[in-house]
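Working through the structure, step by step
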Amino acid sequence: MQKCNKSLVLATLITLFSSICIYSQNLIVNGDFESGGNGVGFITDGAGYSELLAPFSGTTVSGNFALATNPISVNSSIFINAGDHTTGSGKMLIVDGNTTAGSPRFWKAGNAGSGICGLTIGTSYTFSYWVKSISTTVTNASTQAGIGISFTGAGSIVPTPFSSVVPLPASGWKQVVYTFKATATCVSIELWNNNVNATGNDFAVDDFSLTGPQPLSLNYTSQSPTCPGLSNGSISGFGIGGVLPYANYTLTGIIPVVASITNSTGIFTGLSAGTYSLSIKDAVNTVITQNNIVLTTPTDLTVSSGVTNCSSTSTALSVSVGSSGYTWTASPSDPTLTTPNVSNPTVSPTQTTIYTVTSSSVITNDELIYNGDFSLGNVGFSTDYKYLVVSPGAQGRYGITTNANSYWSGFQPCVERLSPGVGKMMVADGSIVNGGNDRVWCQTVAVKPGQNYVF
């Protein structure tokens, strides 16, 4: 008799897309311009710059800057109608591009531009800000602002060169990100505009951030092969912390022969049963490894032994291990196999016959969604919504919290369903843009072709 074990479960899987977001304490005060004016957490003091204060006249000249909630209120003739990056209704730093040579600074980090202190020498940090063009006269390369940057007290800065062209107005907000290693306990960060063209060259900046990394760690989900001898297992790695972007993931083990595979996604399929090691490397070459990841060989069906009988003598077949859903077949065909879907049919063959049984309903309970209960916080998934720790009531934003009311006072005091008041959940203020196509939650899941899943 032949034996085989086939496994599947019921229903369907929704296949999604993933990335990982890391949020640490922001060392920049007033990075979103909501906590004070010029001199609070930053300063604009470059040559040729002059601040406009509300109420605005609706006109600007080169070198004017203002803290406002909408560019059009500062210059009603050529500036566009737009909200800030954080909530769509908060403040941003609006700049009418300076024509003064010599790279005058429009933003310096720290109160009165004093820099940011309290850093650990040799530790990696991430500096970022958001920028957008705000004028209808920004139409080509000659009219786009180009933001230069300088660091003092920092080394190993990535990327280079240290400049970023501000995209055209239709592209909206763009995030600019630099990583560096602190070479002193204080770092000075200063921005200027490389473009001195009086036409166009108008932009806004928002949400400045300087964060130290979470220690790099690595988690994973896995699926063992479904039948003995098959290579359809999978391991999916998920990095947390470290310095983004991650350089690669490396899997070492039986794949289906002893080998190593490296990729940028952390998802490895076509794996045999065996023991594996999974590693992740971040942008500054820190490596973390998870050892002893075991994909088990599934238990095969156990069938009764072959027998020799006289022609037409009754014989009981039997199978165990499979949960249900048995199907017996005979070669050559046996008309006495009248109950092919039970575990122990009785047959009376008139010639030498091979009976084969399969089981198609062995149910496995592998959890393939990473951080599906949000207990690890804001990691393991991607979204088109913007993350806020606490919301002022802005649509298209989300948070990870234990109580919806603590995320925004306008929400009801809803709590997580399994551990009310203790467990975390994702809370979202629904987007009203993009025709309902903004994705709330996305994650990539490794699946087996032809297999059914429950999502």
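The model shown is predicted, which means the values in this text are computed figures rather than measured ones. (Residues numbered from 1 in each chain as written. Predicted model: local features only at pLDDT ≥ 70, side-chain atom pairs only at ≥ 80, totals over all residues. Heavy atoms only, no water.)

1. Considerations on the overall build of the chain
Rules: Secondary structure counts use DSSP, requiring at least four H or I residues in a row for a helix and at least two E residues in a row for a strand, with both numbered from the N terminus. With C-alpha atoms as the basis for the radius of gyration, the globule rule is written as 2.2 Å multiplied by the number of residues raised to the power 0.38. Here's how the labels work: a residue is buried when its accessible area is under 20% of the maximum for its type, exposed when over 50%, partly exposed in between, all with a 1.4 Å probe on protein chains only. Contact definition: two residues touch when any of their heavy atoms are within 4.5 Å. By the counting scheme adopted, Arg and Lys are positive, Glu and Asp are negative, and His together with the chain ends is not counted. A single reference atom marks each charge: NZ on Lys, CZ on Arg, CG on Asp, CD on Glu.
Looking only at helices and strands, the chain features 2 helices and 30 strands. Since a compact globule built from 455 residues should have a radius of gyration of about 23 Å, the 31 Å found for the chain marks it as more spread out than a globular shape. The C-alpha extent of the chain, read off along each of the three principal axes, is 110 × 45 × 45 Å. A total of 455 residues make up the chain; the buried ones form 46% of that total. Here the contacts in the chain between residues at least 6 apart in sequence split such that 67% fall between residues at least 24 apart. Each charge class in the chain can be summarised by its mean position, and for the 15 positive and 20 negative side chains these summaries are 6 Å apart.

2. Things to note about the environment of L271
Mapping L271 onto the fold places it in strand β19 (residues 267–271). As for L271 and N140, which are separated by 131 residues in sequence, their C-alpha atoms are 50 Å apart. Setting aside its immediate chain neighbours within four residues, L271 contacts P225, L230, S231, N232, G233, S234, I235, L251, I255, Y276 and L295.

3. Observations regarding the state of the cysteines
Stated formally: For this text, the term disulfide refers to a pair of cysteine sulfurs within 2.5 Å.
Taken as a whole, this structure holds 1 disulfide when the rule is applied. Two residues, C117 and C186, share a disulfide whose sulfurs are 1.9 Å apart. Between C117 and C186 the sulfur-sulfur dihedral comes to about 110°; the bridge is accordingly right-handed. Of this pair, C117 sits in strand β7 (residues 116–117) while C186 sits in strand β13 (residues 186–193), and the two are 69 residues apart along the sequence. The exposure class of C117 is partly exposed, given its relative accessible area of 47%. Residue classification places C186 among the partly exposed positions, given a relative accessible area of 33%.

4. Points about unusual backbone geometry
A negative phi angle is the norm for most residues apart from glycine, just as the trans form is the norm for most peptide bonds. Cis geometry marks the peptide bond from A54 to P55; its omega dihedral reads 0°. On the secondary structure map, P55 appears in the loop between β3 (50–51) and β4 (64–68). With omega at 0°, the peptide bond leading from S331 into P332 counts as cis. Here P332 lies in the loop between β25 (326–331) and β26 (346–347). Despite not being glycine, D207 shows a phi value in the positive range, around 55°.

5. Examining the environment of Q443
Our working rule: N or O atoms within 3.5 Å of each other form a polar contact, as long as, within protein, one can give a hydrogen and the other can take it, and as long as residues adjacent in sequence are counted only when both atoms are side-chain atoms.
Mapped onto the elements, Q443 comes out in the segment after β30 (425–429). Residue Q443 is classed as buried on the basis of its relative accessible area, which comes to 0%. Within the structure, Q443 has its side chain in polar contact with the backbone nitrogen of Y370 (distance 2.8 Å). Separated by 2.9 Å, the side chain of Q443 and the backbone oxygen of G380 make a polar contact.

6. Side note on the sheet that holds strand β5 (residues 92–96)
We count it as follows: Strand pairing requires that DSSP identify at least two bridges connecting the strands.
Here we have 7 strands laid out as an open sheet, ordered β3-β4-β5-β14-β8-β12-β10, and mixed in their pairing. Each edge of the open sheet carries a strand with a single partner, namely β3 and β10 (154–158). Examined bridge by bridge, β10 and strand β12 (residues 174–182) share 3 bridges and lie antiparallel to one another. Across the sheet, residue A154 finds its bridge partner in β12, namely A182.

7. A word on the pattern of salt bridges
So the rule is basically this: A pairing counts as a salt bridge when a side-chain nitrogen of Lys or Arg comes within 4 Å of a carboxyl oxygen of Asp or Glu.
This model, assessed by the stated rule, comprises 3 salt bridges. Ionic pairing is found between D384 and R439, a salt bridge with its closest N-O pair at 3.1 Å. Placement of the pair is D384 in the loop between β27 (354–359) and β28 (386–387) and R439 in the segment after β30, with a sequence separation of 55 residues.

8. Structural notes on the pairing of strand β14 (residues 202–211)
Most of β14 sits inside the fold, with 10 of its 10 residues counted as buried. When β5 meets β14, the two strands line up antiparallel, connected through 4 bridges. Bridging across to β14, I94 finds its partner in A204. Pairing between strand β8 (residues 124–133) and β14: 7 bridges, direction antiparallel. Of the residues in β14, the one forming a bridge with W130 is D206.

9. A word on the nonpolar core
The test is simple: Buried Ala, Val, Leu, Ile, Met, Phe, Trp, Tyr and Cys residues form a nonpolar core when they are joined through side-chain atoms within 4.5 Å.
Ranked by size, the top nonpolar core spans 35 residues in total, and within it L93, F106, W107, F127, F151 and F180 carry the most contacts. In contact with F180, not counting residues within four places along its chain, are L119, T123, S124, Y125, F127, F151, A154, G155, S156, I157, V187 and L210. Counting 14 residues, the second largest nonpolar core, distinct from the first, contains L218, Y246, L271 and L278.

10. Details of the packing of aromatic side chains
Selection criterion: Side-chain rings of Phe, Tyr and Trp (the six-membered ring for Trp) are treated as a pair once their centres are within 6.5 Å; stacked means planes under 30 degrees apart, edge-to-face means over 60, and tilted covers the remaining angles.
Across all of its chains, the model carries 20 aromatic pairs by this definition. When the centroid spacing of 6.1 Å and the interplanar angle of 45° are considered together, the rings of F127 and Y129 count as tilted. The exposure classification of F127 matches that of Y129, with both residues buried. Note on Y246 and Y249: the rings are 6.5 Å apart at their centroids and 80° apart in plane angle, and the pair reads as edge-to-face. By relative accessible area, which is 16% here, Y246 ends up buried.

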